[in-house]
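Structural features, examined
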Amino acid sequence: MTGSGMGCPDWPTCFGQIIPPTDISQLPADYKTRFAVSGREIADFDPFKTWVEYVNRLVGVAIGLLGIVTVVLSFFANKHQRGVFGWSLIGFVLILVSAGVGAYVVKTHLSEGLVTIHMLIALLVVAAFMIAFLLAWKGHVPHYSSVDGKGKQIMIGLGVLSVCMILSQVLMGTQVREQVDMLAKVTGSDSRSTWISSLNSPYQIHQLFHYALAVVMLAWGYVMRGILREQRVVWTLFVGLVALLVMEAALGIGMHRLDIPAWMQPLHLMLATMLFAGAFGLTGWLTLILKERK
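Throughout what follows, the structure given in this document is the object of discussion. (Residues numbered from 1 in each chain as written. Predicted model: local features only at pLDDT ≥ 70, side-chain atom pairs only at ≥ 80, totals over all residues. Heavy atoms only, no water.)

Here His256 lies in helix H9 (residues 232-257). Along the chain, His256 and Val84 lie 172 residues apart, while their C-alpha atoms are 43 Å from each other. Setting aside residues up to four positions removed in sequence, His256 forms contacts with Ile196, Tyr203 and Gln207. (Helix = DSSP H or I, 4+ residues; strand = E, 2+ residues; numbered from the N terminus. Contact = heavy atoms within 4.5 Å.)

With that settled, consider helix H7 (residues 201-223). The first and last C-alpha atoms of H7 sit 33 Å apart over 23 residues, in line with the 33 Å expected at 1.5 Å per residue. Within H7, the full set of buried residues consists of Pro202, Tyr203, His206, His210, Leu213, Val216, Met217, Trp220 and Gly221. Looking at the packing, one finds that the buried side of H7 touches helix H5 (149-187), helix H6 (195-198), helix H8 (225-230), H9 and helix H10 (264-290). (Expected span 1.5 Å × (residues − 1). Buried < 20%, exposed > 50% of the residue type's maximum accessible area, 1.4 Å probe, protein only.)

Approximately 680 Å³ is the volume found for the second largest pocket. Along the walls of the second largest pocket sit 30 residues, with His206, Gln207, Gly252, Met255 and His268 positioned nearest its centre. For the lining of the second largest pocket, the elements supplying multiple residues, two or more each, are H5, H7, H9 and H10. Looking at which element gives the most residues to the lining of the second largest pocket, the answer is H5, with 8 residues. (1 Å grid on protein atoms, 1.4 Å probe; cavity = no way out; pocket = protein on both sides within 12 Å on 5 of 7 lines; lining within 4 Å. Points joined across faces, edges and corners; volume = space filled by probe spheres on them.)

Taken as a class, soluble globular proteins show a tendency for nonpolar side chains to be buried jointly. The biggest cluster of nonpolar side chains holds 51 residues, and the ones touching the most others in it are Trp220, Met224, Ile227, Val234, Leu286 and Ile289. At the level of secondary structure, the elements contributing two or more residues to this core comprise helix H4 (114-136), H5, H6, H7, H8, H9 and H10. Sort the elements by how many residues they give to this core and H10 lands first, with 15 residues. Beyond its immediate stretch of four places on either side in the chain, Met224 contacts Met155, Val234, Phe238, Leu282 and Leu286. (Core = buried A, V, L, I, M, F, W, Y, C linked by side-chain atoms within 4.5 Å.)

Take the packing of aromatic side chains next. Summed over all chains, the structure comprises 9 aromatic pairs. Relative to Tyr54, the ring of Trp51 has its centre 5.2 Å away and its plane inclined at 75 degrees; by these criteria the two rings are edge-to-face. Linking Trp51 with Tyr54, this pair stays in helix H2 (residues 47-77), spanning 3 residues, or about one helical turn. Its relative accessible area of 29% is what places Trp51 among the partly exposed residues. According to the relative accessible area criterion, Tyr54 is buried, its value standing at 11%. Judged by centre distance (5.6 Å) and plane angle (80 degrees), the rings of Phe75 and Phe76 are edge-to-face. Ring pairing ties together the aromatic residues Phe15, Tyr31, Phe35 and Phe45, which thus form one cluster. Lying over the aromatic face of Tyr222, Arg225 brings its terminal NZ or CZ to 4.1 Å of the ring centre. (Phe/Tyr/Trp six-rings, centres within 6.5 Å; stacked < 30°, edge-to-face > 60°. Lys NZ or Arg CZ within 6 Å of the ring centre and 35° of its normal.)

Time to look at the state of the cysteines. The full count for this structure, using the stated rule, is 1 disulfide. The partner cysteine of Cys8 in its disulfide is Cys14, sulfur to sulfur 2.0 Å. Judged by the sign of its S-S torsion, about -85 degrees, the bond between Cys8 and Cys14 is left-handed. One exposure class covers both Cys8 and Cys14, and it is buried. (Disulfide = S-S within 2.5 Å.)

Spatial relationships are all this shows, so hold off on functional conclusions.
Quick look at the structure:
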């Protein structure tokens, strides 16, 4: 979201180096053609974008290593809580898939559609490990029995709907970002004031969908009002979700009014990711505390 996807034009090295350069003097004179992608010269060297992309890769490696440790530990936990190992393994496999797609994104010069797929896989990694985490805590969660069967279905159903709507919002936002990237290439970064008017249908749907999401989440909070008063974890998570939703709306309005400032874009995506993870976690937690104990 900082526009650093091509900060390193090759993979797994960066400009053919294990540690990327910090200055253009460290690159050969013909670097733009030597590291051309899909037959296209790369943009001028930008140390900020190069190191953002490099740090992104390092974080990816760290996630992979943590994923391995999680899978190993979950193998032993699986004896007590079934499913922990399976979901941890799924999460680790998705990390590998994400790395492969990330490499292909670079190879195809940020091919349209692949960026959205890459984002989707990243969110699925979060979801898979979160399920494993919730299952590991399954035996330590207090049961809440003050909700009848129909109430449970409505409550969890609204949670699932919220998660799906947030996921749709994130993916639509990623598609909007791809459009912005294309406009930036065609018109140049000095023409930000024209970008909003040039965006097509995904952007309009993305705007209106936020209001629908707000209505669903408020309805979710209403049916959870009893639990919110008695369960501190549920209260904390839901208040956090409402705060994130308000901040997301504020940033969205800000980008629309201020011609998409570059600093707002990564912040908007980060909050959206937190909103997805929070809603997913809250739905999972509700499923645990409302499930009948045998």
